[in-house]
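Reading the structure
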Amino acid sequence: MKTTTSWVAVVALVAVVLTALYFYLPDILRQPAPDAVSTAPTPTPAETVPTVRHPIEKAQAQPSAEDTKPLPPLAESDEPALTAAQRLVGRESLERFFYLDSLMRRVVVTIDNLPRKQVPERYRLTKPIDGRFVVTEERETTFLNPKNYARYAPAVLFVEGIDTKKLVATYVRFYSLLQQEYQNLGRPDGYFNDRTVEAIDDMLTAPELHQPIQLVRPNVWYKFADPELEALSAGQKLMIRIGPENAARVKAKLRDIRRELTGTAERPAPAS
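This text gives an overview of the structure that appears in the document. (Residues numbered from 1 in each chain as written. Predicted model: local features only at pLDDT ≥ 70, side-chain atom pairs only at ≥ 80, totals over all residues. Heavy atoms only, no water.)

Observations concerning the pairing of strand β2 (residues 141-144)
Where a strand is regular, its side chains alternate between the two sheet faces. Pairing of strand β1 (residues 135-138) with β2, which is carried by four bridges, proceeds in the antiparallel orientation. Among the inter-strand pairings, Glu137 is bridged to a residue of β2, identified as Thr142. The turn linking β1 back onto β2 is made up of two residues, and Arg139 within it adopts a positive phi angle of 50°. In this structure, β2 lies alongside strand β3 (residues 214-216), joined through two bridges in antiparallel fashion. Looking across to β3, one finds that Phe143 is bridged to Gln214. (Pairing = 2+ DSSP bridges. Helix = DSSP H or I, 4+ residues; strand = E, 2+ residues; numbered from the N terminus.)

What follows is the structure, given as C-alpha cells:
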C-alpha cells in the first residue's frame, strides 16, 4: 500500500480532499509504486476526441473580480498558486502538510492516478503523518488496529475547515494551467475536470467497513488480506485506511466539492 497525496489545497484543494490524506499513510503500509508521471495511454490518431462531461464553465463557484488578471505561464505558476493557497488555508497549514514545489504537476499526477492502483511516489504532495503504524496480532492473524484512525484527525479537520466555494473558485481560477499540465503528461485529448469528478466519484463509492480488517505482510509492506480490497483503487483503499468515521467526514466534503463543480452531489444513476 504505497502512499502519496495532494496539494489541491493549493490550487484545487479538490486534491486536498481527494489526495491530501493519501500521502499520510505510514511507510509500513506502502508498496513501491512506479515513478512514471502518468500511466495513461497516449491516444492513437484513430481514436475520437472524448466528449466533455463536466465543463469547468458549469462550476457553481467562480473566481472573484479581483482574480481575473491573466495567469502566468505554467513554468512560472508556483508563486501565484502559493499566494492563492495561502489566502485559502494559511501559510502555516501549507508548510505543515505539503511539499510546495511543482504544484500543478503534483496535483494533476495525484488526481489522475487516484482511480488507478497506485499514485507515483515521485510526486507525493504531503509530508508524512506523525506517529507509528499499529497492528493487532490475534492467533497468528494480523489486523489493522483502529487506533491508527486517530492519527488522521488533524488532516480531516484541516479538510473540513476549507471553505468549499473558495476552494472551487481557486480551482477554476487555475484550471487552464491544470488542463495544460494534464495534456503535457500524456493526455492530449483528455479533460482534467472530468478526471477530477471521476476521482471524486470513485472515492465516494469506497466500501464502508466496520468489521476488523485483516492484513498480510508478504514482504516489508502490509497489504489487505482480502484480495477484493487489495484490488481497489488507490483512492478507495485510502478511504478504508483512514477509518469509517473519518471516511464519512471526507465523503461529505467530497460531495460538497462535487456539487460546486457539477451542480449535483452524487453521480446520477444510469437510466434503466
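We are not done yet, so read on.
Here we look at the pattern of salt bridges
All chains considered together, the criterion is met by 14 salt bridges. Of the charged contacts, one joins Glu260 and Lys165 as a salt bridge, the two residues approaching to 3.0 Å between their closest N and O atoms. Remark: Lys165 occurs in helix α7 (residues 164-173) and Glu260 occurs in helix α12 (residues 244-262); sequence separation between them is 95 residues. Arg259 serves as the salt-bridge partner of Asp256, at 3.0 Å between the closest nitrogen and oxygen. Separated by three residues within a single helix, Asp256 and Arg259 lie in helix α12, roughly one turn from each other. Given a relative accessible area of 36%, Arg259 falls into the partly exposed group. Linked through salt bridges whose partners overlap, the residues forming this network are Asp112, Arg116, Arg187, Arg195 and Glu198. (Salt bridge = Lys/Arg side-chain N within 4 Å of Asp/Glu carboxyl O. Buried < 20%, exposed > 50% of the residue type's maximum accessible area, 1.4 Å probe, protein only.)

Regarding the packing of aromatic side chains
Per the counting criterion, the structure on display carries eight aromatic pairs. On the basis of an interplanar angle of 55° and a centroid distance of 6.0 Å, the ring pair of Phe98 and Phe158 is categorised as tilted. Of the two residues, Phe98 is situated in the loop between α4 (91-97) and α5 (103-113) and Phe158 in helix α6 (residues 153-160); the sequence distance between them amounts to 60 residues. Of the residues examined, Phe158 reaches a relative accessible area of 11% and is grouped as buried. Over the face of the ring belonging to Phe174 we find Arg173, whose NZ or CZ atom lies 5.9 Å from the ring centre. (Phe/Tyr/Trp six-rings, centres within 6.5 Å; stacked < 30°, edge-to-face > 60°. Lys NZ or Arg CZ within 6 Å of the ring centre and 35° of its normal.)

Some details on the packing of α7 against α12
At a minimum axis distance of 10 Å, the contact between α7 and α12 shows a crossing angle of 50°. By the criterion of interaxial angle, the relationship of α7 to α12 is oblique. Crossing handedness for the pair α7 and α12: right-handed. Facing Thr164, Lys165, Leu167, Val168 and Tyr171 of α7, the residues of α12 in contact are Lys253, Asp256, Ile257, Glu260 and Leu261. (Axes fitted to C-alpha atoms, helices over the stretch in contact; angles between N-to-C directions. Parallel < 35°, antiparallel > 145°, perpendicular 65-115°, else oblique. Left-handed = near helix turned anticlockwise from the far one by under 90°. Contact = heavy atoms within 4.5 Å.)

Describing helix α3 (residues 78-89)
Taking 1.5 Å as the rise per residue, α3 with twelve residues should run 16 Å; its terminal C-alpha atoms sit 16 Å apart, in good agreement. Within α3 the residues assigned to the buried category are Ala81, Leu82, Ala84, Ala85, Leu88 and Val89. Angular distribution of buried residues about the axis of α3 spans 165°; they occupy a single face of the element. Facing away from the buried side of α3 by over 90 degrees, the exposed positions are Glu79 and Arg87. Taken from the residues just after α3, Gly90 is the one with a positive phi, measuring 95°. (Expected span 1.5 Å × (residues − 1). Arc of directions from axis to C-beta.)

Quick look at the environment of Gly235
Position of Gly235 among the secondary structure elements: in helix α11 (residues 234-241). Between the C-alpha atom of Gly235 and that of Ile200, which follows or precedes it by 35 residues, the distance is 8.7 Å. With sequence-adjacent residues up to four places away left out, Gly235 is seen in contact with Leu114 and Met203.

So yeah, pure geometry; function would need other evidence.
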